[in-house]
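# Inside the fold
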Protein chains: 4
Amino acid sequence: MKIYMAPLNEEQLDKKKRERKEQIMRAALKVFADNGVKLTKISMIAKEAKVSHGLVYHYFDSKDEILYESIEYGMQENMVEQFFNDLNDSRRTPLEKIKQFTRFAFKESDTGISNMVFRIVQQLNVVNGLPDHIHELVENAGKFYIEALTPLFLDGQKRGEIIQGDTEELLGVYLTVLSSIMADDPSFWRENLEWKVEILLRMISIR
Amino acid sequence: MKIYMAPLNEEQLDKKKRERKEQIMRAALKVFADNGVKLTKISMIAKEAKVSHGLVYHYFDSKDEILYESIEYGMQENMVEQFFNDLNDSRRTPLEKIKQFTRFAFKESDTGISNMVFRIVQQLNVVNGLPDHIHELVENAGKFYIEALTPLFLDGQKRGEIIQGDTEELLGVYLTVLSSIMADDPSFWRENLEWKVEILLRMISIR
Amino acid sequence: MKIYMAPLNEEQLDKKKRERKEQIMRAALKVFADNGVKLTKISMIAKEAKVSHGLVYHYFDSKDEILYESIEYGMQENMVEQFFNDLNDSRRTPLEKIKQFTRFAFKESDTGISNMVFRIVQQLNVVNGLPDHIHELVENAGKFYIEALTPLFLDGQKRGEIIQGDTEELLGVYLTVLSSIMADDPSFWRENLEWKVEILLRMISIR
Amino acid sequence: MKIYMAPLNEEQLDKKKRERKEQIMRAALKVFADNGVKLTKISMIAKEAKVSHGLVYHYFDSKDEILYESIEYGMQENMVEQFFNDLNDSRRTPLEKIKQFTRFAFKESDTGISNMVFRIVQQLNVVNGLPDHIHELVENAGKFYIEALTPLFLDGQKRGEIIQGDTEELLGVYLTVLSSIMADDPSFWRENLEWKVEILLRMISIR
DNA sequence: GATGAATGAGAATTCATTCAT
DNA sequence: GATGAATGAATTCTCATTCAT
């Protein structure tokens, strides 16, 4: 299920090439997420991907393009959509599902690109002067999370699990908190994760 | 009241000079807080202070020293301590006091240096590779907030206003959330501030 | 007499600064003229001007801006207009005046920026992908020469000194030849100049 | 007829291989002639030759070698000598022959490598810092044209078709003009070619 | 042979820092 | 003290050249 953007993996990219690009994009996502886009140097991406900086430019035209394609790739490849689908199938309550999402946001995994995209996208939401196409991509990716979570919040409010109030605004606060704290120090949050997730959920849950 | 660091030998600085330095340090705090330390350029500080960048170097030896002295100055001069003192005098409940602190953390004020220091310090808490003396200063400043807030949390827990659990860890989560979200986009939080503060407090409060 | 562009020397540029800029622009004109714009490296300009490359960027934002301002400066400062004015005052025949212009085109002088501009402008006339504002400037500068010489050619044709035929096209050929040969190796043309100028003039003159 | 340089040991190159090399050299000559040697990128040659850039390096060791061998090839293969032979056989007057040569210099043809070599060689005549062996080759190639044209000029002077004066110098001027203007914008000269050739010839002809 | 992946030296540009006035 | 001129190290990006497949 590809949602917002043209498919990346054109058939003409043979497997090898695609894997190389993905290797670089995964490295880029990690470094962008950890250091912020502006502070990320090409050399850091190259180092993380264990290739020369020249090779990065063999596959991408510019830093902006690395960013763009990496986010695109992250949205395609990652399991976010799958995750939400699974979530919606399950018989958990809305609040349980939001907890599940919160957990997932912090989860680190090498293939688990998903939350890196989330972090990058949230960082970029605040930045001015982005090239238009990137801005649009970021906006779309942001909307994706909002659209996926809004029904859960609405349902939770109807069932009395979640506090009343403007749903959109409430979700906005929750997402902003999530993305901000992930940006800062993900490792902090992974310690004692369950308990911290409970604390965060208290912001919106009725007890 | 100087807390953690060597005195600024201000006696030998004549008034004029001290005022100049302060003008620059106030500008630096603002720009550091808004843009992050690494992304702050000397020219931005100079512009904010309405002086030439050359003059900045007349008073400070390096960017690191600007940072160091500015934090130091912010801790000295600012009203944080006064604030906490007032808070402790008052007859509010601990939770009320924490709410007051939370409000304060977001408040913008040109003279109000206090929360800029808080923001900078929290940003730096996460950064690697800081010069030792800065790292130490940041750590001390961080501790200051912890030490000031711990009694409030303890008291709140005793009174049953605040949820049980490891106090230190609970405070840690709360401070981390606060500092992270301030780093990202202070203006977002200033809209509809009271309501957002309520939401944040729900993390720790018992209702 | 400023013709095509806004004045450069705003009063607020103090003398020192203006002189420095001019020093760099003169160097740039020389290097651009000798090596072509694309092959000119900032370091070459810096070296010719005997300054660091950093200083070049203190005065100019980019290579394109150096080019733009240098041409602008060359058109302002140089003696081209004065030259044409003098020429038109004089009692020479049109052909004599064209000979005078031809001589002038080859003349080298350190202050004599004029023919460097001529060369650069003619080089750029052929290049694609120039930024718009530069393209416009180049076009205007090119037109200047055409407009200044057209009356001489017309008059010469009327008087029977210059061969008949489409004046514009004839002038086009003459200017193209002049600029091309100056681009290649000015020093060659300076040897035995008078004789070579005679040869060139034979293209258009009736004997 | 090979003139200036060591044989290309073509006997041991099988036909296929030689054809491949020639394909690349023809492409190189075209691209060098159109863009100048320094501004020509290997990728441009590869693209023109419709091969990968890797293959270019399979047949040549370096850009310099491509240049060297291509000029060499152009001098060998092309029809210049044949052309001059034909010219000398014919019963035209010397001036007619020079006109013929001038026309030829501008003529574009995909197989017609001859004038590309002429252009490249003339461009390089002016460049400093060429590797020695290339410099020598360029010099020899230049001499070839001079040697071929000198008799025509001498004869023309004797017959009173061409103006008097130092023959060598007169030829030098004529060749310099030709090569310079070809370097700049060949397409300009192809429009209305005959008329422009007439104009150029006026430089040396007696009417 | 043929491709294009991979490397690294070099060029434009930014910015902390020093220095002359 | 105050300005901004001047420098050079670091960063993004280009391209000749080498190498694995």
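In this numbering scheme, every chain counts its residues from 1 along its sequence in written order. Written order decides the labels, with chains lettered from A and ligands numbered from 1. It should be noted that, the model being predicted, local features are given only for residues of pLDDT at least 70 and side-chain atom pairs only at 80 or more, the latter also being counted only at that level, while totals for whole chains, interfaces and linings use all residues. The basis for every side-chain value is the complete set of non-hydrogen atoms in the structure, without hydrogens or water.

### Thoughts on the overall build of chain A
What counts as a helix is a DSSP run of H or I of at least four residues, what counts as a strand is a run of E of at least two, and both are numbered from the N terminus. The number of helices and strands found in chain A is 11 helices and 0 strands. Along its sequence from the N terminus, chain A presents helices and strands in the succession α-α-α-α-α-α-α-α-α-α-α. Here chain A, with 207 residues, has 52% of them falling under the buried criterion. Long-range pairs, those at least 24 residues apart, make up 70% of the contacts in chain A with a sequence separation of at least 6. Entry remark: accessible area of chain A is about 9,900 Å², with carbon and sulfur atoms responsible for 48%. Only protein chains enter the accessibility calculation, which uses a 1.4 Å probe; a residue is then buried when its area is under 20% of its type maximum, exposed when over 50%, and partly exposed in between. When checking whether two residues touch, look at their non-hydrogen atoms; a contact exists if any pair is within 4.5 Å. Values of accessible area rely on a 1.4 Å probe in the Shrake-Rupley scheme; residue burial ignores everything except the protein chains shown.

### What to know about the protein's contact with DNA strand E
Around DNA strand E, 33 residues are found, and the nearest of them are A:Arg20, A:His58, B:Tyr57, C:Tyr57 and D:His58. For DNA strand E, the fraction of protein-proximal atoms (within 4 Å) that sit in sugar or phosphate groups is 70%. Under the rule applied, a polar contact is a pair of N or O atoms within 3.5 Å (in protein, one hydrogen donor and one hydrogen acceptor; residues adjacent in sequence only if both atoms are side-chain atoms). Measuring from a phosphate oxygen of DNA strand E, one finds a side-chain N or O atom of A:Arg20 at 2.5 Å. B:Lys41 is positioned such that a nitrogen or oxygen atom in its side chain is 2.8 Å from a phosphate oxygen of DNA strand E. Elements represented by at least two residues in the surface near DNA strand E include exactly helix H1 (15–35) and helix H3 (53–59) of chain A, helix H3 (53–59) of chain B, helix H3 (53–59) of chain C together with helix H1 (15–35) and helix H3 (53–59) of chain D. Residues that form the surface near DNA strand E fall into these classes: 9 nonpolar, 14 polar and 10 charged. Distances are taken per atom, and a residue is near a molecule or strand as soon as one of its heavy atoms is within 4 Å of it. Gly counts as polar in this scheme, as do all residues outside two lists: the nonpolar Ala, Val, Leu, Ile, Met, Phe, Trp, Tyr, Cys and Pro, and the charged Asp, Glu, Lys and Arg.

### Structural notes on the relation of the copies chain D and chain C
Rotating chain D by 177° about the axis while translating it 0.1 Å along that axis superimposes it on chain C, leaving an RMSD of 0.5 Å. In short, the pair behaves as if placed about a two-fold rotation axis. Copies are brought into register by a least-squares superposition over C-alpha atoms of residues with pLDDT of at least 70 in both.

### Topic: the relation of the copies chain B and chain A
The operation relating chain B to chain A is a screw motion whose rotation component is 177°, with 0.2 Å of axial translation and a residual RMSD of 0.5 Å. Most of the interface of chain B is mirrored in chain A, where 100% of its interface residues again form contacts.

### What about the interface of chain B and chain A?
On the side of chain A, 29 residues touch chain B, which itself brings 29 residues to the contact. Across the chain B-chain A interface, the total number found is 7 residue pairs in polar contact (both at pLDDT 80 or more). Counting only elements with at least two residues in the side of chain B that touches chain A, the list comes to helix H9 (167–184), helix H10 (186–190) and helix H11 (193–202) of chain B. A total of 10 residues in the side of chain B that touches chain A trace back to one element, the largest contributor, which is H9(B). Of the residues contributing to the side of chain B that touches chain A, the split by class is 15 nonpolar, 6 polar and 8 charged.

### Let's talk about helix H6 (residues 94–106) of chain B
All names here are of chain B. For H6, built from 13 residues, the straight-helix expectation of 18 Å at 1.5 Å per residue is met to within 8% by its first-to-last C-alpha distance of 19 Å. The buried fraction of H6 amounts to 12 of the 13 residues, a majority that puts the element mostly inside the structure. Looking at H6, one finds that the buried residues are Pro94, Leu95, Lys97, Ile98, Lys99, Gln100, Phe101, Thr102, Arg103, Phe104, Ala105 and Phe106. Expected span of a helix, by definition, is 1.5 Å for each gap between consecutive residues, and there is one gap fewer than residues.

### Structural notes on the protein's contact with DNA strand F
Close contacts around DNA strand F come from 32 residues, with A:Tyr57, B:His58, C:Arg20, C:His58 and D:Tyr57 the closest. Among the atoms of DNA strand F lying within 4 Å of the protein, the sugar-phosphate backbone contributes 69%. Between A:Lys63 and DNA strand F, the recorded distance is 3.0 Å, taken from a backbone N or O atom to a phosphate oxygen. Note that a phosphate oxygen of DNA strand F is positioned 2.8 Å from one of the backbone N or O atoms of C:Ser52. When residues of the surface near DNA strand F are traced back to their parent elements, those giving at least two are H3 of chain A, helix H1 (15–35) and H3 of chain B, helix H1 (15–35) and H3 of chain C together with H3 of chain D. Taken together, the residues of the surface near DNA strand F break down into 9 nonpolar, 14 polar and 9 charged.

### Examining the pattern of salt bridges
A pair is scored as a salt bridge if a Lys or Arg side-chain nitrogen falls within 4 Å of a carboxyl oxygen belonging to Asp or Glu. All told, the structure shown has 32 salt bridges over all chains when counted by the stated rule. Among the salt bridges present, the one from C:Lys21 reaches C:Glu69, with a minimum N-O distance of 3.0 Å. One end of the pair, C:Lys21, is in helix H1; the other, C:Glu69, is in helix H4 (residues 63–77), with 48 residues separating them in the sequence. Taking relative accessible area as the criterion, C:Glu69 reaches 11% and is therefore assigned buried. One salt-bridge network, held together by shared partners, links A:Lys30, A:Asp34 and A:Arg119.

### Some words on the interface of chain D and chain C
Often, the extent of an interface is quoted as the loss of accessible area upon association of its parts. Each side of the interface is counted separately: chain D has 29 residues, and chain C has 28 residues. Buried area is calculated as the accessible area (1.4 Å probe) missing from two parts once they are joined, with the contributions of both summed. Together, the buried faces of chain D and chain C total about 2,500 Å²; carbon and sulfur atoms form 68% of this surface. Scanning the region where chain D abuts chain C turns up 0 salt bridges. Elements represented by at least two residues in the side of chain D that touches chain C include exactly helix H9 (167–184), helix H10 (186–190) and helix H11 (193–202) of chain D. Counting residues per element, the side of chain D that touches chain C draws most heavily on H9(D), at 10 residues. Class assignment for the residues of the side of chain D that touches chain C results in 15 nonpolar, 6 polar and 8 charged.

### What about the UniProt feature "DNA-binding region" (unreviewed entry) in chain A?
UniProt positions are given in the numbering used here, feature names are shortened, and annotations may be inferred rather than shown by experiment. Within this structure's numbering, the places UniProt gives as "DNA-binding region" (unreviewed entry) are residues 41–60 of chain A. Spanning residues 41–60 of chain A, this segment combines 75% helix with 0% strand, and its end C-alpha atoms are found 14 Å apart.

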